[in-house]
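Coordinate analysis (summary)
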Amino acid sequence: MGESAAQATTTDAELLARYADGDQAAARALVERHTPRILARAYRLLGDAAEAEDVTQEAMLRLWRIAPDWENRGASPGTWLYRVATNLCLDLLRKRRNTRVPQDPAQPEESETVQASLQDTDRSAALKQAIAALPDRQRAAIVLRHLEELGNTEIAEQLDTTVEAVESLLARGRRQLVRDLAPRQEVLGYSNG
């Protein structure tokens, strides 16, 4: 479907104001504009498609609820929306940590041909597992920086913190990933030279 040319040049704040006045086309434009990116972010943070969809829906519902009272909240509605979605993900991750223990990925089969073909998959799974084991805010910073390729200023806005705090979260997260993955370096096919 896609946004119309006129809607594509309309700001989020203008669309939100139009929605608050009853314009359903403005609501659809905001959904089309932001849902794919929110869904992708939530999936990267949570690793669960159903939870990512729930977070996306909840973030959009919260935007609709505040629409009539929207004022410049120091950020655009889009930035506010991504911050809400990130916080919802962090809340779910905290709940998950209190109820589940991460499982080790299955060991690859012993066949050399199978092992060679699965090496990239194993690397990806190991990295995903190591990222999932990070403290929630470090995980969010790593995902936003390295998977979504946001700048530190944008990450600070999304996590509602300072650029210095983001730099610290990233540094601690990277160090922890190196520590967690170093013992598996040889198994994952990386040489130590």
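For clarity, every value in this text was computed on a predicted model and none was experimentally measured. (Residues numbered from 1 in each chain as written. Predicted model: local features only at pLDDT ≥ 70, side-chain atom pairs only at ≥ 80, totals over all residues. Heavy atoms only, no water.)

**Quick look at the nonpolar core**
What counts is decided by this rule: Throughout, nonpolar core names a set of buried Ala, Val, Leu, Ile, Met, Phe, Trp, Tyr and Cys residues whose side chains join them through atoms within 4.5 Å. Note on classification: 1.4 Å probe, protein chains only; a residue is buried when its accessible area is under 20% of the maximum for its type, exposed when over 50%, partly exposed between these limits. A run of DSSP states H or I qualifies as a helix once it reaches four residues; a run of E qualifies as a strand once it reaches two. Both are numbered from the N-terminal end. Contacts are assigned to residue pairs with any non-hydrogen atoms lying within 4.5 Å of each other.
Leu16, Leu63, Trp64 and Leu159 are the most contacted members of the largest nonpolar core, which has 45 residues in total. Among the secondary structure elements, those contributing two or more residues to this core are helix H2 (12-20), helix H3 (24-46), helix H4 (49-66), helix H5 (77-99), helix H6 (112-133), helix H7 (136-147), helix H8 (152-159) and helix H9 (163-181). Top element by residues in this core is H5. It accounts for 9 residues. For Leu63, the residues in contact, after removing those within four places along its chain, are Leu16, Pro77, Trp80 and Leu81.

**Considerations on the confidence of the model for the protein**
The test is simple: pLDDT expresses how confident the predictor is about each individual residue, on a scale running from 0 to 100.
Across the protein, pLDDT averages 81, with 78% of residues at or above 70. Per-element confidence in the protein ranges from a low mean pLDDT of 60 for helix H1 (residues 5-8) to a high of 93 for H4. Low pLDDT, under 50, characterises residues 104-113; the stretch is placed with 7 contacts to residues that sit more than four places away or in other chains.

**As for H4**
Put simply, the rule is: Helix span is expected to be 1.5 Å times the residue number reduced by one. The definition of a polar contact used here is a pair of N or O atoms within 3.5 Å, where within protein one atom must be able to donate a hydrogen and the other to accept one, and adjacent residues in sequence count solely through side-chain atom pairs.
An ideal rise of 1.5 Å per residue puts 26 Å on 18 residues; H4 measures up with 26 Å between its terminal C-alpha atoms. Those residues of H4 that sit buried are Glu51, Ala52, Val55, Thr56, Ala59, Met60, Leu63, Trp64 and Ile66. The distance from a side-chain oxygen at the start of H4 to the backbone nitrogen of Ala50 is 3.1 Å, and the residue carrying that oxygen is Asp48.

**As for the environment of Gln129**
Inspection of the secondary structure puts Gln129 in helix H6. Judged by its relative accessible area of 21%, Gln129 falls in the partly exposed class. When the C-alpha atoms of Gln129 and Leu177 are compared, they prove to be 9.8 Å apart, with 48 residues separating the residues in sequence.

**What about the packing of H3 against H7?**
Inclusion rule: Lines fitted to C-alpha atoms define the axes, with helix axes restricted to the stretch in contact, and inter-axis angles between N-to-C directions lie between 0 and 180 degrees. Oblique is the label for every angle not falling under 35 degrees (roughly parallel), over 145 degrees (roughly antiparallel), or within 65 to 115 degrees (roughly perpendicular). Handedness of a crossing is defined here by the sense of rotation of the near helix relative to the far one, left-handed for an anticlockwise turn of less than a right angle and right-handed for a clockwise turn. In this count, Pro and Cys sit with the nonpolar residues alongside Ala, Val, Leu, Ile, Met, Phe, Trp and Tyr, while Asp, Glu, Lys and Arg are called charged and the others, Gly among them, polar.
Between H3 and H7, whose axes approach to 10 Å, the crossing angle comes to 130 degrees. Classified by the angle their axes make, H3 and H7 are oblique. Read as a crossing pair, H3 and H7 show a hand that is right-handed. On H7, the residues that touch Arg41, Arg44, Leu45 and Leu46 of H3 are Arg139, Ala140, Val143, Leu144 and Leu147. Split into classes, the residues belonging to the contact of H3 with H7 amount to 6 nonpolar, no polar and 3 charged.

**Considerations on the pattern of salt bridges**
Formally: Any carboxyl oxygen of Asp or Glu within 4 Å of a side-chain nitrogen of Lys or Arg constitutes a salt bridge here.
Summed over the entire model, instances satisfying the criterion amount to 8 salt bridges. Residues Asp12 and Arg33 are paired through a salt bridge, measuring 2.6 Å at the closest nitrogen-oxygen approach. Of this pair, Asp12 sits in helix H2 while Arg33 is found in helix H3, placing the two residues 21 residues apart along the sequence. Asp23 is the partner of Arg18 in a salt bridge, and the nearest nitrogen-oxygen pair spans 3.0 Å.

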